[in-house]
Amino acid sequence: MSENFDDTDRLLLRALQADASESLEALAARASISVNTCWRRVKRLEESGLLMRRVALVDPEKAGLGQTVFVAIRTRDHSAGWLEKFAKAVRAIPEVVEFYRMAGDVDYLLKVQVASVRDYDRVYRQLITRIDLADVSATFAMECIKNTTELPL
């Protein structure tokens, strides 16, 4: 995609990252291109996988899920089978909103969005009953200073 990715595509992607509900007409005007050209470009960005999906972002605080927890996990087992089982277990927990395999001292990092510490404890118990883990350490965010889904294009 990078060879066909130009400044107009970047402009369209930046605009869609900021507000995916913007009309094709408004996007086309912003990019100084016709509506048909805009539609074709957005369609090409979607088909290439660069534009993965368009979503609505929900305010966690207003949704009653204002507690963000970062969970560092260490494991004794690094086999492909264990990872498959672990990934399946984590994906089944809706409160886990991000899930990363890490390099370094921590094997996996989860971002969990819950209502309270008590609610996190419920998620923790679900996790440890589904899979054997060597160590689980939670860090509770006190304040979100920056949170964006917009990539710097």
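What you see is a predicted model, and the numbers here were worked out from it, not measured in a lab.

## Side note on the overall build of the protein
When helices and strands are tallied, the protein shows five helices and four strands. Tracing the protein from N to C terminus, the helices and strands come up as α-α-α-β-α-β-β-α-β. Relative to a compact globule of 153 residues, whose C-alpha radius of gyration would be 15 Å, the protein shows 20 Å and is clearly more extended. Projected onto the principal axes, the alpha-carbon positions of the protein cover approximately 55 × 35 × 25 Å. Taking the intrachain contacts of the protein between residues at least 6 apart in sequence as the baseline, contacts between residues at least 24 apart amount to 64%. Of the accessible surface of the protein, which amounts to about 10400 Å², a share of 51% is contributed by carbon and sulfur atoms. With 22 positive and 23 negative side-chain charges, the protein shows a separation of 3 Å between the mean positions of the two kinds.

## Overview of the sheet that holds strand β1 (residues 67-74)
What holds strands together in a sheet is hydrogen bonding between their backbones, with the strands either parallel or antiparallel. Strands sit in the order β2-β3-β1-β4 across an open sheet of four strands; the sheet is antiparallel. A single partner strand is all that each edge strand has here, and the edge strands are β2 (96-101) and β4 (135-140). Between one strand axis and the next, the sheet turns by 20 degrees as a mean value, whatever way the strands run. Inspection of the sheet shows β1 paired to strand β3 (residues 108-114) by seven bridges, in the antiparallel sense. Looking across to β3, one finds that valine 69 is bridged to valine 112. Against the sheet, helix α4 (residues 80-91) makes contact with β1, β2 and β3, and its axis sits at roughly 165 degrees relative to β2, the strand it touches most.

## Focus on the packing of aromatic side chains
In the structure shown here, the tally under the stated rule is seven aromatic pairs. Ring geometry for phenylalanine 86 against phenylalanine 99: centres 5.4 Å apart, planes inclined by 85 degrees, an arrangement best described as edge-to-face. Placement of phenylalanine 86 in helix α4 and of phenylalanine 99 in strand β2 is noted, with a sequence separation of 13 residues between them. Judged by relative accessible area, which is 0%, phenylalanine 86 ranks as buried. Through a chain of ring-to-ring contacts, the aromatic side chains of Trp82, Phe86, Phe99 and Tyr108 assemble into a single cluster.

## A few points about the pairing of β2
The sheet contact formed by β2 and β3 spans five bridges and is antiparallel. Along β3, the bridge assignment pairs glutamate 98 with lysine 111. The hairpin turn running from β2 into β3, its antiparallel successor, is six residues long, and glycine 104 in that turn takes a positive phi close to 110 degrees.

Scoring rules and cut-offs
Residues numbered from 1 in each chain as written. Predicted model: local features only at pLDDT ≥ 70, side-chain atom pairs only at ≥ 80, totals over all residues. Heavy atoms only, no water. Helix = DSSP H or I, 4+ residues; strand = E, 2+ residues; numbered from the N terminus. Rg over C-alpha atoms; globule rule 2.2 N^0.38 Å. Contact = heavy atoms within 4.5 Å. Areas by Shrake-Rupley, 256 points an atom, 1.4 Å probe, with all protein chains shown as cover. Lys, Arg positive; Asp, Glu negative; His and termini not counted. Charge placed at Lys NZ, Arg CZ, Asp CG, Glu CD. Pairing = 2+ DSSP bridges. Axes fitted to C-alpha atoms, helices over the stretch in contact; angles between N-to-C directions. Phe/Tyr/Trp six-rings, centres within 6.5 Å; stacked < 30°, edge-to-face > 60°. Buried < 20%, exposed > 50% of the residue type's maximum accessible area, 1.4 Å probe, protein only.

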